[in-house]
Amino acid sequence: MAAGETQLYAKVSNKLKVRGPSLLLEPLLGMGFPVHTALKALAATGRKTAEEASDWLRCHRNDPSLDDPIPQEYALFLCPTGSLLEQLQEFWRESKRQCTKNRAHEIFPHITLCDFFTCEDHKVECLYEALKRAGDRVRGSFPLVVPLALHSSISYLGFFVSDSPADVIREFATTFAMEVAVLADCTVKPCAKQLHLTLAHKFYPHHQRTLEQLARAIQPGHSCQWTAVLYSRDMRFVHYQTLRALFQYKPQNEDELTLSPGDYIFVDPTQQEETSKGWVIGTSQRTGCRGFLPENYTEQANESDTWVKHRTYTFSLAMDLASRKDGEASSRRNGEPHPPQTPRDVSSIQALQATIARKSVLVVRHGERVDQIFGKSWLQQCSTPDGKYYRPDLNFPCSLPRRSSGIKDFENDPPLSSCGIFQSRIAGEALLDSGIRITSVFTSPALRCVQTAKHILEELKLEKTIKIRVEPGIFEWTKWESGKTTPTLMTLDELQEAGFNVSMDYRPAFPLASLMPAESYDEYVNRCAVSVGWITSIRPRDVGVILIVGHGSALDSCTRPLLGLPPRDSGDFAQLVRKHETQESDSVWADEVSVRGKGKNTGHPRGLPLQPWGRALSQCFLGSSVPAPRVLGAPGGLVVLRKESV
């Protein structure tokens, strides 16, 4: 043990000799845990119970940093509760769904009182005492209602606290900092700037109006219990990327991490050079161990999700207990709820829903195509010498639709594999369970896209009531198609004969004959923009969701026009679509989209395991908050993006 560490542990022991072991520390010492690790466990779990701390120690038994004297960082926030919190959370969900994620979504609704500061593990209880003393000192002057004024700029939207109440809140923060300095010998910097509650930060400028409309539906004048909350975080991972495990993973090699659903993983983006595609090196918050993990088993999480709540001080409750002069005070230990305000709450919700009403567009990538699994020679593998189809593998489709020119045209217009059909059906099932109402369907003329649309509609029980409108304008970039001519695609008559409920009356933005081989990138993105504009201009009779089934490239080329964004550089676009094709990457579109994909072994030293996609799709669709735009992935294909547009 280093000399510095010995001095620190000696200091801890001397402190304990004076005060004696706490009620939480004593059981841990009785279990045989050393003092310094027991204190570390208590600090890491918020000093709630000895059981939680002992569980933390058992999980961290192989943590190489367990004996390192690294303290936690602490910060103090003022957080709303009750009706105001519900309104803010609704704003969080809708702003993320309509305008994609911004910096404000990374933390819960709050007013920052003190910046993060460090405190040694054996002094954490002093912070709790400082919080109580500071709260008791200002509780008599703390405002019953904190007035909030909406402020908006090109990159910031939030509520400012007016001067007089802000002075009281600053006095509380300053008092807390002074008490911490005396009791715990820590330097705390209270907030001296304009007190504010951020609603949105660093968003796209064209989203400002929508965000303002959503913010105006919030009624901050409602009285609420404001609570000062003390949080801690692991200072080692402040600037790391945070991932949340979606599925269980058992290591196949000794340098891999064990994953359980809900685990948080800290990933340093600057230390990923030695990883194979689709894999990352990270540190588990649950175990403290470091190793490789499959990125497609995780999703993006916020750093604040890993913060630990220690203690709270609720001002309205404290004031209520202090001001009551009769026996009613004893019945309000946890704060009496406000009188029912159902009519106002309902009207507020209705106003918010009316404000955020938009036409919805759902863009879906087709399911797994058969040639993606069996290669370019797949047709030779399933053809008899006389040109008839047979099924050599269970992942080949049971049959192929009849084409006037014979089986050879399937070579450049391949169908879905059996897994692709399953993916399409399970996506439709998830849409049905989530209550998303599809009112019209548009699809690329490629067979795999028409099949995907058909199976989704079948699971939605809409295959007979909604006709599939074939739009050649959203076909793949023809430069990527093999040959000097565009592939021979099935006609509407052939699709109808094969059992597809296609519309024979729909007039597409781009007729099939207008597709040019080897078109330029500018021609392609212009074709997609015009086609999407045409599709969204056709208003269905019922308010609902427009379903567009296209290719991996459509997730970018068909959605950026709706977002009001210019086309990507052709090189960036090609790299993006290539990632979709291999499905080996996460968070491909930064803040615009969040991607989940299946990785497969492509010759890298480490091949990705198969992900349980049935649960993945259901979980993604059925979640209470689906941000927009949002991309979901499945093995070999099915990627879904939801976009709300005016």
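Remember, predicted model here, so these are calculated numbers, not experimental data.

## Notes on the overall build of the protein
- Of the regular secondary structure elements, the protein holds 20 helices and 18 strands.
- Total accessible area on the protein is roughly 29400 Å²; 52% of this is exposed by carbon and sulfur atoms.

## Points about the pattern of salt bridges
- This model, assessed by the stated rule, comprises 27 salt bridges.
- Among the salt bridges present, the one from E179 reaches R133, with a minimum N-O distance of 3.4 Å. Here R133 lies in helix α6 (residues 124-138) and E179 lies in helix α7 (residues 163-183), a separation of 46 residues in the sequence.
- Classification of E179 by relative accessible area gives buried; the value is 10%.
- Overall, R133 belongs to the partly exposed group, its relative accessible area being 37%.

## Brief notes about unusual backbone geometry
- Phi at R47 is positive, roughly 50°, even though this residue is not glycine.
- Residue placement: R47 occurs in the loop between α3 (35-44) and α4 (50-59).
- The buried category is assigned to R47, whose relative accessible area is 5%.

## Notes on the packing of helix α5 (residues 82-99) against helix α8 (residues 208-216)
- Packing of α5 against α8 leaves a shortest axis separation of 10 Å and a crossing angle of 160°. Relative to α8, the element α5 is oriented roughly antiparallel. Crossing handedness for the pair α5 and α8: right-handed. Contact residues: F91, E94, S95, Q98 and C99 in α5; T210, L211, L214 and A215 in α8.
- Here the contact of α5 with α8 is built from residues that sort into five nonpolar, three polar and one charged.

## Topic: the packing of aromatic side chains
- Scanning the entire structure with this criterion turns up 27 aromatic pairs.
- On the numbers, 6.2 Å between centres and 35° between planes, the contact of Y74 with F117 is tilted. Placement of the pair is Y74 in strand β1 (residues 72-79) and F117 in strand β2 (residues 111-119), with a sequence separation of 43 residues. Per residue, the accessibility class of Y74 equals that of F117, and both read buried.
- Members of the aromatic cluster, each reached through a chain of ring pairs, are F77, F108, F116, Y231 and W307.
- Sitting above the plane of the F116 ring, R233 keeps its charged end 3.6 Å from the centroid.

## Observations regarding the confidence of the model for the protein
- Per-residue confidence for the protein gives a mean pLDDT of 79, with 78% of residues at or over 70.
- Of the regions scoring below 50 in pLDDT, residues 1-20 engages in 22 contacts with residues more than four places distant in sequence or in other chains.
- Overall, residues 318-357 carries pLDDT values under 50, and its contacts beyond four positions in sequence, including any with other chains, amount to 40 contacts.

## Comments concerning the state of the cysteines
- Evaluated as defined, the whole model comprises zero disulfides.
- Between C59, a free cysteine, and C289, which holds the nearest cysteine sulfur, the sulfur-to-sulfur gap is 9.8 Å.

## Notes on the sheet that holds strand β3 (residues 148-152)
- Pairing in this open sheet of three strands is antiparallel, and the strands run β3-β4-β5 from one edge to the other. Because the sheet does not close on itself, it has two edges, and the strands there are β3 and β5 (196-201). Between one strand axis and the next, the sheet turns by 15° as a mean value, whatever way the strands run.
- Where β3 lies against strand β4 (residues 156-161), five bridges are found, and the strand directions are antiparallel.

## Digging into the sheet that holds strand β10 (residues 290-294)
- Here we have five strands laid out as an open sheet, ordered β10-β9-β8-β7-β11, and antiparallel in their pairing. If you trace the sheet from one side to the other, it starts and ends with β10 and β11 (298-300), each paired once. With strand direction ignored, the average angle separating the axes of adjacent strands in the sheet is 45°.
- Note that strand β9 (residues 279-284) and β10 share five bridges and pair antiparallel. Bridging from a neighbouring strand, T283 pairs with R290 of β10.

## Describing helix α13 (residues 418-434)
- Under the 1.5 Å per step criterion, the end-to-end length of α13 is 24 Å for 17 residues, consistent within 8% with the ideal 24 Å.
- Buried residues of α13: G420, Q423, S424, I426, A427, G428, A430 and L431, and no others.
- The first or second residue beyond α13 is G435, which carries a positive phi of 80°.

## Focus on the side chain of Q423
- Secondary-structure assignment places Q423 in helix α13.
- Here Q423 falls in the buried class, since its relative accessible area comes to 4%.
- A distance of 3.1 Å separates the side chain of Q423 from the backbone nitrogen of E368, its partner in a polar contact.

Rules used throughout
- Residues numbered from 1 in each chain as written.
- Predicted model: local features only at pLDDT ≥ 70, side-chain atom pairs only at ≥ 80, totals over all residues.
- Heavy atoms only, no water.
- Helix = DSSP H or I, 4+ residues; strand = E, 2+ residues; numbered from the N terminus.
- Areas by Shrake-Rupley, 256 points an atom, 1.4 Å probe, with all protein chains shown as cover.
- Salt bridge = Lys/Arg side-chain N within 4 Å of Asp/Glu carboxyl O.
- Buried < 20%, exposed > 50% of the residue type's maximum accessible area, 1.4 Å probe, protein only.
- Axes fitted to C-alpha atoms, helices over the stretch in contact; angles between N-to-C directions.
- Parallel < 35°, antiparallel > 145°, perpendicular 65-115°, else oblique.
- Left-handed = near helix turned anticlockwise from the far one by under 90°.
- Contact = heavy atoms within 4.5 Å.
- Nonpolar A, V, L, I, M, F, W, Y, C, P; charged D, E, K, R; others polar.
- Phe/Tyr/Trp six-rings, centres within 6.5 Å; stacked < 30°, edge-to-face > 60°.
- Lys NZ or Arg CZ within 6 Å of the ring centre and 35° of its normal.
- pLDDT = per-residue confidence, 0-100.
- Disulfide = S-S within 2.5 Å.
- Pairing = 2+ DSSP bridges.
- Expected span 1.5 Å × (residues − 1).
- Polar contact = N/O pair within 3.5 Å; in protein donor to acceptor, adjacent residues only side chain to side chain.

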